[in-house]
Amino acid sequence: MATETATTTTTAAKATSFDQETPKAAAFYSGLREKNAGPLWTVLDKLVPPKPNPESVPNIWRYSEMRPSLMEAGKLVTAEEAERRVLMLVNPTLEAPYTTESIYAGLQLILPNETAPAHRHVAFALRFIIEGSGGFTAVEGEKMMMERGDVILTPSWTWHDHGNEGNSPVIWLDGLDLPLFRFLPLNFADQYPEKRYPSTLSTNSKSQFPWAPVEKRLKGAEGPYAVYHYVTDDGKALSATLGAQAERVAAGTTSPTVQETGSFVYHVVEGEGYSTILSPGDKSPKDIRWTGKDTFAIPAWSQISHTATSNTDVFLFAINDRPMVTALGLRRQA
Ligand code: 1HN
């Protein structure tokens, strides 16, 4: 990304008052580049903008389009060959691993009897199970059966492998803090010498958050809109980097407009509707229509509201970067 910024800002500099470059000035600028230095005054606007200026754009990955591609991937490569058979959700204006500037998301498929072999890494992962039964993930010796709507954590540096003991495809949404490791290149990883790390079945793991209690909380909350913030047993965010939330928007209503210094990857659990997103880079709001199992990205500091057009309530799940934004003292809300 650094290279991209440098390129854009050099171009931008040419269009400003510094474009009356005399041969002497031109020689000065190119001489600086040879010294691995550069003039701040041509890029200051971009480095210190009046408001956040994400490069990412709002984008949707429709399940009706992504699922066939996942199934095709299932024919091309085994989970074992791939290590993780994932279609990354790449923001149109960025490259992998950026779904937003701070969140990586992907759709992972595991077919019956496959194994995604055990490894561990510093990056944190959380998963939202979309479809299939009989899938499992084992995290540091705890084997958890994956059910639709579960959120399952893979904390930093824990051994994990996935499998499918059922007879249908199992698909989930992965969220990882991989963008952070482009900025801080500190992500180590290990392969386990065996396919699986030894594990025993767990039905009440601290790393597994079933949907039913979350849905119950959302349904029990008064009013047409409710949000639930996932927390661990000790009341903390799900990790130091990424967190998660779920929302209910009553049928036929629109949620309040919010704007905060963080980005989101939303996933539609149930219902139909659209989100109205005014991202900092856009002049007018954009409506993104969605239905069940779709996933969409929202850049930082966007104005966001969700409208439920179905005649049943809408339930949304979202991965956010709030823990890291908060830890860095950068959290603001409009
Ligand atoms: C990973 O370990 C998983 O364990 C999924 O399922 C996606 C993307 C990048 C790096 C590691 C997994 C990943 C990943």
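Looking at an unreviewed UniProt entry, the protein chain carries the name Cupin type-2 domain-containing protein, with the source organism given as Exophiala bonariae.

Draft legend 1. Layout of the site of the ligand. Taken together, Arg84, Tyr104, Gln108, His119, His121, Arg127, His160, His162, Asp174, Leu176 and Leu178 are the residues near the ligand. With respect to the ligand, the side chain of His119 contributes an N or O atom lying 2.6 Å from an oxygen atom. Between the ligand and His160 there is a distance of 2.9 Å, counted from an oxygen atom to a side-chain nitrogen or oxygen. About the coverage of the ligand: the protein hides 83% of its 330 Å² of free accessible area. Where the shell around the ligand is concerned, the elements lending two or more residues are strand E3 (104–110), strand E4 (115–121), strand E9 (160–164) and strand E10 (170–176). Broken down by class, the residue content of the shell around the ligand amounts to three nonpolar, five polar and three charged.

Draft legend 2. Expanded view of the UniProt feature "domain: Cupin type-2" (unreviewed entry) in the protein chain. The sites that carry the UniProt feature "domain: Cupin type-2" (unreviewed entry) are, in the present numbering, residues 107–174. Along residues 107–174 the backbone is 0% helical and 60% strand, and the end-to-end C-alpha distance reaches 6 Å.

Draft legend 3. Up close: helix H4 (residues 63–76). Here H4 contains 14 residues, and its C-alpha end-to-end distance of 20 Å stays within 8% of the 20 Å for a straight helix at 1.5 Å per residue. Every buried residue of H4 is listed here: Tyr63, Met66, Leu70, Ala73 and Gly74. Down the axis of H4, the buried side of the element spans an arc of 105°, and every buried residue falls inside it. Exposed positions of H4 whose direction lies more than 90 degrees from the buried face are Ser64, Glu65, Glu72, Lys75 and Leu76.

Draft legend 4. Representation of the pattern of salt bridges within the structure. Throughout the structure, instances matching the rule amount to 14 salt bridges. Its salt-bridge partner being Glu260, residue Arg331 comes within 2.9 Å of it at the nearest N-O pair. Residue Arg331 is found in the segment after helix H8 (322–327), and its partner Glu260 is found in the loop between strand E15 (243–249) and strand E16 (264–270); the two are separated by 71 residues along the sequence. On the basis of relative accessible area, Arg331 is assigned to the partly exposed category, the value being 30%.

Draft legend 5. The arrangement of the pairing of strand E5 (residues 125–131) in detail. Taken across its seven residues, E5 has seven buried, putting it largely inside the fold. Summarising the sheet, E5 and strand E8 (residues 151–154) pair through four bridges and their orientation is antiparallel. Within E8, the residue paired with Leu126 across the bridge is Leu153. As paired strands, E5 and E10 are joined by six bridges and run antiparallel to one another.

Draft legend 6. Summary view of the nonpolar core. Ranked by internal contacts, the top residues of the largest apolar core, which has 35 residues, are Trp211, Tyr230, Leu238 and Phe317. Contact partners of Phe317, with chain neighbours within four places excluded, come to Leu126, Phe128, Val151, Tyr230, Ala244, Gln245, Ala246, Val265, Tyr266, His267 and Val269. Within the second largest apolar cluster, 15 residues are counted, among which are Phe264, Trp290, Ile304 and Val314.

Criteria and thresholds
- Residues numbered from 1 in each chain as written.
- Predicted model: local features only at pLDDT ≥ 70, side-chain atom pairs only at ≥ 80, totals over all residues.
- Heavy atoms only, no water.
- Near = heavy atom within 4 Å.
- Polar contact = N/O pair within 3.5 Å; in protein donor to acceptor, adjacent residues only side chain to side chain.
- Areas by Shrake-Rupley, 256 points an atom, 1.4 Å probe, with all protein chains shown as cover.
- Helix = DSSP H or I, 4+ residues; strand = E, 2+ residues; numbered from the N terminus.
- Nonpolar A, V, L, I, M, F, W, Y, C, P; charged D, E, K, R; others polar.
- UniProt positions renumbered as here; feature names shortened; annotations may be inferred.
- Expected span 1.5 Å × (residues − 1).
- Buried < 20%, exposed > 50% of the residue type's maximum accessible area, 1.4 Å probe, protein only.
- Arc of directions from axis to C-beta.
- Salt bridge = Lys/Arg side-chain N within 4 Å of Asp/Glu carboxyl O.
- Pairing = 2+ DSSP bridges.
- Core = buried A, V, L, I, M, F, W, Y, C linked by side-chain atoms within 4.5 Å.
- Contact = heavy atoms within 4.5 Å.

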